[in-house]
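# Overview (structure and organization)
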Amino acid sequence: MSQDQTASAAANPFAAYLARQRPLIEGALAEKCPRPLQDHARAEQADLDRYLYAPLAHFTESGGKRTRPALCLLGAEAVGGRAQDALSVACAIEYFQSAALIHDDIADKSELRRGEPCVYVTEGTGVAINVGDLALTTVARLVLDDRGLAPDVRLRVLDEVVAMEERTLEGQALDLGWARDGRWDISVDDYLCMASHKTAYYSAAVPLATGAICAGAKRAQVDALRAFGMKAGLAFQLQDDLLNLVGDAAAQGKDFRSDVTEGKRTLVAVWALSHLPQGPAAELSQILSSHATDEARLARAVELMARSGAIDHTRAFARDLVDEAKSHLSSADFLPEAHKVLLAMADFFVERLG
């Protein structure tokens with residue numbers, strides 16, 4: 001770990017948990033990486049590897065904090081199970097993350113992901129779509145092939161994961177549709193619905209719940225972890241939105257203030273537009289709709305958002321979500337050490353700088 005990562009791990013038990021579990025997750029991802037089926041000639045297998053399997057393997061190996069799979073392991077441990085009980089679903093959710101990002105980059109016309117050209121940039125759009133689709137099929141395959149889980153548990157986990165995928169697609173549909181149609185008549189409740197579906201289910205709620213299910217959790221434990229994850233996952237998204245606008249520009253590079261350029265319907269933007277006077281609101285709407293890249297115009301958009309109180313409101317709202325998330329954990333029993341890590345996770349989601 002870098003000095004910054006070491007300091008972060010020392011300061012927050014969840015950061016330490018991420019660092020501790022990462023080697024286990026990385027090893028499982030390498031072991032469970034999809035490979036060409038065996039009913040092909042050697043030349044066909046080489047082509048399949050080149051055009052399908054290798055791009056997915058490289059993308060999945062190339063980065064990410066492995067937060068979501070770590071939450072699967074934490075969910076299992078919180079109810080008295082072993083991290084290994086949830087490794088298959090942990091990898092499955094990481095492959096869903098790969099699929100979502102590969103497809104998102106195409107939809108958003110992004111150029112870089114994790115410091116490298118996006119898959120569709122290097123491989124072409126058609127190949128990238130197919131690679132993302134392979135990641136999606138891998139989600140179900142990993143759970144189905146885990147014979148360490150009883151058949152009824154595999155079915156229950158698959159039900160959770162499919163519901164997660166449906167919710168995420170619904171959130172993405174709203175996000176993309178509002179942008180396509182130039183919609184700015186979006187209320188705060190509209191945004192919260194979209195963000196909860198697009199982010200909270202797969203970023204926290206379902207990883208925690210499925211990990212617990214793999215370890216034989218009681219219904220009350222699963223429900224508490226899901227409710228906790230929904231609030232914490234939404235707070236995670238709000239922190240992402242804030243970092244894009246007022247975070248470390250050097251650390252984010254070309255992505256800094258890209259939400260303004262792309263006209264993202266964030267809580268900050270929606271709140272600002274509904275609280276600014278008519279003239280400044282019209283100016284902000286115009287900037288958000290113009291795909292602006294000039295630093296001065298991007299800074300002006302952030303200035304207008306700050307003037308409306310939207311940045312302070314979003315930061316306070318994220319903290320309130322964290323407090324509400326923590327309250328859900330009191331409705332069921334969890335192992336003390338894991339409970340401590342869960343509480344730290346909620347804080348980590350709104351205190352992280354990247």
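That block above? That's the structure.
So, here is what we can say about the structure in this document. Values in this document were obtained by computation on a predicted structure and should not be read as measured data.

Taking 1.5 Å per residue as the helical rise, helix H3 (residues 42-61) with its 20 residues ought to reach 28 Å, whereas the 25 Å between its terminal C-alpha atoms falls clearly short. Inspection of H3 places Leu 52, Tyr 53, Pro 55, Leu 56, Ala 57, Phe 59 and Thr 60 among the buried residues, and these make up the whole buried set. Residues of H3 that are buried in the fold lie against helix H2 (13-32), helix H5 (87-108), strand E1 (112-113), helix H6 (119-123) and helix H7 (125-144).

Aromatic rings considered in pairs are described by the distance between their centres and by the relative angle of their planes. Per the stated rule, a full pass over the model turns up four aromatic pairs. Ring plane angle 80 degrees and centroid distance 5.3 Å describe the contact between Phe 96 and Tyr 202, whose orientation is recorded as edge-to-face. Of this pair, Phe 96 sits in helix H5 while Tyr 202 sits in helix H9 (residues 188-214), and the two are 106 residues apart along the sequence. There is no split in this pair, since Phe 96 and Tyr 202 are both buried. Centre to centre, the rings of Phe 236 and Phe 349 are 4.8 Å apart; their planes meet at 65 degrees, and the pair counts as edge-to-face. A residue pair is termed long-range when its members are at least 10 positions apart, and Phe 236 in helix H10 (residues 219-246) and Phe 349 in helix H17 (residues 336-351) qualify at 113 residues. For the pair Phe 236 and Phe 349, a shared accessibility class is recorded, and that class is buried. Positioned above the aromatic ring of Phe 59, the side-chain terminus of Arg 114 is 4.7 Å from the ring centre.

Our next topic: helix H13 (residues 267-275). Summarising burial for H13: seven of the nine residues are buried, a large majority. Along H13, the residues that are buried comprise Leu 267, Val 268, Ala 269, Val 270, Trp 271, Ala 272 and Leu 273. If you follow the buried residues of H13, they end up packed against H9, H10, helix H14 (278-289), helix H15 (295-308) and helix H16 (310-328).

Bringing the side chain of Asp 85 into the picture now. Its place among the elements puts Asp 85 in the loop between helix H4 (67-78) and H5. A polar contact of 2.8 Å, which involves the side chain of Asp 85, links it to the backbone nitrogen of Arg 82. With residues up to four places along the chain from it excluded, the contact list for Asp 85 reads Leu 149, Cys 214 and Ala 215.

Once that is clear, we can look at the state of the cysteines. Per the counting criterion, the structure on display carries zero disulfides. Among the cysteines around Cys 91, which has no disulfide bond, Cys 72 carries the closest sulfur, lying 9.0 Å off. Between Cys 118, a free cysteine, and Cys 33, which holds the nearest cysteine sulfur, the sulfur-to-sulfur gap is 20 Å. Residue Cys 118 is classed as buried on the basis of its relative accessible area, which comes to 1%.

Following the criterion strictly, the structure yields 25 salt bridges and no others. Close ionic contact of Lys 264 with Glu 262 constitutes a salt bridge, the shortest N to O distance being 3.9 Å. In this structure, a network of salt bridges that share partners links the residues Asp 108, Asp 175, Lys 198, Glu 262 and Lys 264.

Rules used throughout
Residues numbered from 1 in each chain as written. Predicted model: local features only at pLDDT ≥ 70, side-chain atom pairs only at ≥ 80, totals over all residues. Heavy atoms only, no water. Helix = DSSP H or I, 4+ residues; strand = E, 2+ residues; numbered from the N terminus. Expected span 1.5 Å × (residues − 1). Buried < 20%, exposed > 50% of the residue type's maximum accessible area, 1.4 Å probe, protein only. Contact = heavy atoms within 4.5 Å. Phe/Tyr/Trp six-rings, centres within 6.5 Å; stacked < 30°, edge-to-face > 60°. Lys NZ or Arg CZ within 6 Å of the ring centre and 35° of its normal. Polar contact = N/O pair within 3.5 Å; in protein donor to acceptor, adjacent residues only side chain to side chain. Disulfide = S-S within 2.5 Å. Salt bridge = Lys/Arg side-chain N within 4 Å of Asp/Glu carboxyl O.

Structural measurements only, silent on function.
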